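Working through the structure, step by step
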Amino acid sequence: DGGITQSPKYLFRKEGQNVTLSCEQNLNHDAMYWYRQDPGQGLRLIYYSQIVNDFQKGDIAEGYSVSREKKESFPLTVTSAQKNPTAFYLCASRDLKSNTEAFFGQGTRLTVV
Amino acid sequence: AQSVTQLGSHVSVSEGALVLLRCNYSSSVPPYLFWYVQYPNQGLQLLLKYTTGATLVKGINGFEAEFKKSETSFHLTKPSAHMSDAAEYFCAVRNSGGYQKVTFGTGTKLQVIP
């Protein structure tokens with residue numbers, strides 16, 4: 001079945017450690033997105049990419065980094081520079097050639113202790 | 001810059017009552033508009049979308065929304081609430097050219113009272 005897979009579903013890390021969240025899609029979508037979700041703040045865009053080897057900062061990119069070496073994969077690294085990394089992270093993808101909606105993964109809940 | 005405003009972070013309705021979730025948007029170009037639903041600790045699932053054409057859009061689970069350009073609104077409605085409708089609902093807007101960002105509102109949690 002086609003879809004977006006985020007892993008792991010739950011992640012715990014110690015403060016000061018970098019951590020990488022995985023996002024893989026087999027929908028052949030060009031665009032991929034990372035959002036952060038906090039209670040009462042909705043979804044805020046971290047990074048997005050519309051083509052391999054190219055990505056753009058979203059509204060809250062500080063303390064995060066991404067790569068897009070393959071069309072299917074868009075990993076997000078939460079660095080030690082991110083002041084408040086504990087949150088629910090959602091990855092999405094979309095087909096740019098049509099007016100389709102974004103498809104979402106099931107999310108990763110990151111807790112930094 | 002585009003933006004989305006959802007009025008009411010929490011809405012409570014009785015089972016069988018009308019559901020109305022409000023969404024207003026700001027966009028410098030003709031927008032594409034979406035409503036998503038999220039259940040706890042899950043990703044987002046599309047309810048419905050407006051791209052072009054008919055301004056009244058029907059979605060899954062009996063929901064519909066009407067695009068009103070003059071009011072810059074895209075309110076979500078359902079004639080009769082069901083217990084299974086209890087979830088968080090997000091309105092979103094996407095621009096149509098260049099780098100296509102999708103911007104979400106802050107969400108509305110719907111509580112359905114038996």
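An account of the accompanying structure is given in this report. No experiment lies behind these values; they were computed from the predicted model shown.

A few words on unusual backbone geometry. For the peptide bond that leads from Ser7(A) to Pro8(A), omega is -10 degrees, which places it in the cis range. Relative to the elements of secondary structure, Pro8(A) occurs in the loop between strand S1 (4-7) and strand S2 (10-13). Phi is positive for Asn61(B), close to 60 degrees, though the residue is something other than glycine. By the secondary structure assignment, Asn61(B) is in the loop between strand S6 (56-58) and strand S7 (64-68). Even without being a glycine, Thr72(B) presents a positive backbone phi close to 45 degrees. Considering the arrangement of structural elements, one finds Thr72(B) in the loop between S7 and strand S8 (73-78).

Counting across every chain of the model gives 8 salt bridges over all chains. The shortest N-O distance in the salt bridge between Glu64(B) and Lys58(B) comes to 2.8 Å. Overall, Glu64(B) belongs to the partly exposed group, its relative accessible area being 23%. In this structure, the salt-bridge partner of Lys78(B) is Asp85(B), at a minimum N-O distance of 2.8 Å. Overall, Asp85(B) belongs to the buried group, its relative accessible area being 3%. Among the ionic contacts, a cluster of salt bridges with common partners joins Asp30(A), Lys71(A), Asp95(A) and Lys97(A).

Right, let's talk about the side chain of Gln37(A) for a bit. Tracing the backbone shows Gln37(A) in strand S4 (residues 31-38). Residue Gln37(A) is classed as buried on the basis of its relative accessible area of 11%. Side chain to side chain, Gln37(A) and Gln38(B) meet in a polar contact 2.8 Å long. For Gln37(A), the residues in contact, after removing those within four places along its chain, are Gly42(A), Leu43(A), Ala87(A), Phe88(A), Leu90(A), Gln38(B), Glu88(B) and Phe90(B).

Turning our eyes to something else, we now look at the packing of aromatic side chains. For the coordinates displayed, the defined rule picks out 13 aromatic pairs over all chains. Ring centres of Tyr33(A) and Tyr35(A) lie 6.3 Å apart, and the angle between their planes is 25 degrees; this geometry places the pair in the stacked category. Overall, Tyr35(A) belongs to the buried group, its relative accessible area being 2%. Consider the rings of Tyr35(A) and Phe104(B), whose centres lie 5.1 Å apart with planes at 85 degrees: the pair is edge-to-face. With Tyr35(A) in strand S4 and Phe104(B) in strand S10 (residues 102-104), this pair bridges two chains. Here Tyr35(A) and Phe104(B) have matching classes, each one buried. A connected cluster of aromatic rings, assembled from ring pairs, spans Tyr33(A), Tyr35(A), Tyr48(A), Phe104(A), Phe34(B), Tyr36(B) and Phe104(B). Here Arg68(A) stacks its cationic end above the ring of Phe74(A), 6.0 Å away from the centre of that ring.

Each value, and the rule that gives it
Residues numbered from 1 in each chain as written. Chains lettered and ligands numbered in written order. Predicted model: local features only at pLDDT ≥ 70, side-chain atom pairs only at ≥ 80, totals over all residues. Heavy atoms only, no water. Helix = DSSP H or I, 4+ residues; strand = E, 2+ residues; numbered from the N terminus. Salt bridge = Lys/Arg side-chain N within 4 Å of Asp/Glu carboxyl O. Buried < 20%, exposed > 50% of the residue type's maximum accessible area, 1.4 Å probe, protein only. Polar contact = N/O pair within 3.5 Å; in protein donor to acceptor, adjacent residues only side chain to side chain. Contact = heavy atoms within 4.5 Å. Phe/Tyr/Trp six-rings, centres within 6.5 Å; stacked < 30°, edge-to-face > 60°. Lys NZ or Arg CZ within 6 Å of the ring centre and 35° of its normal.

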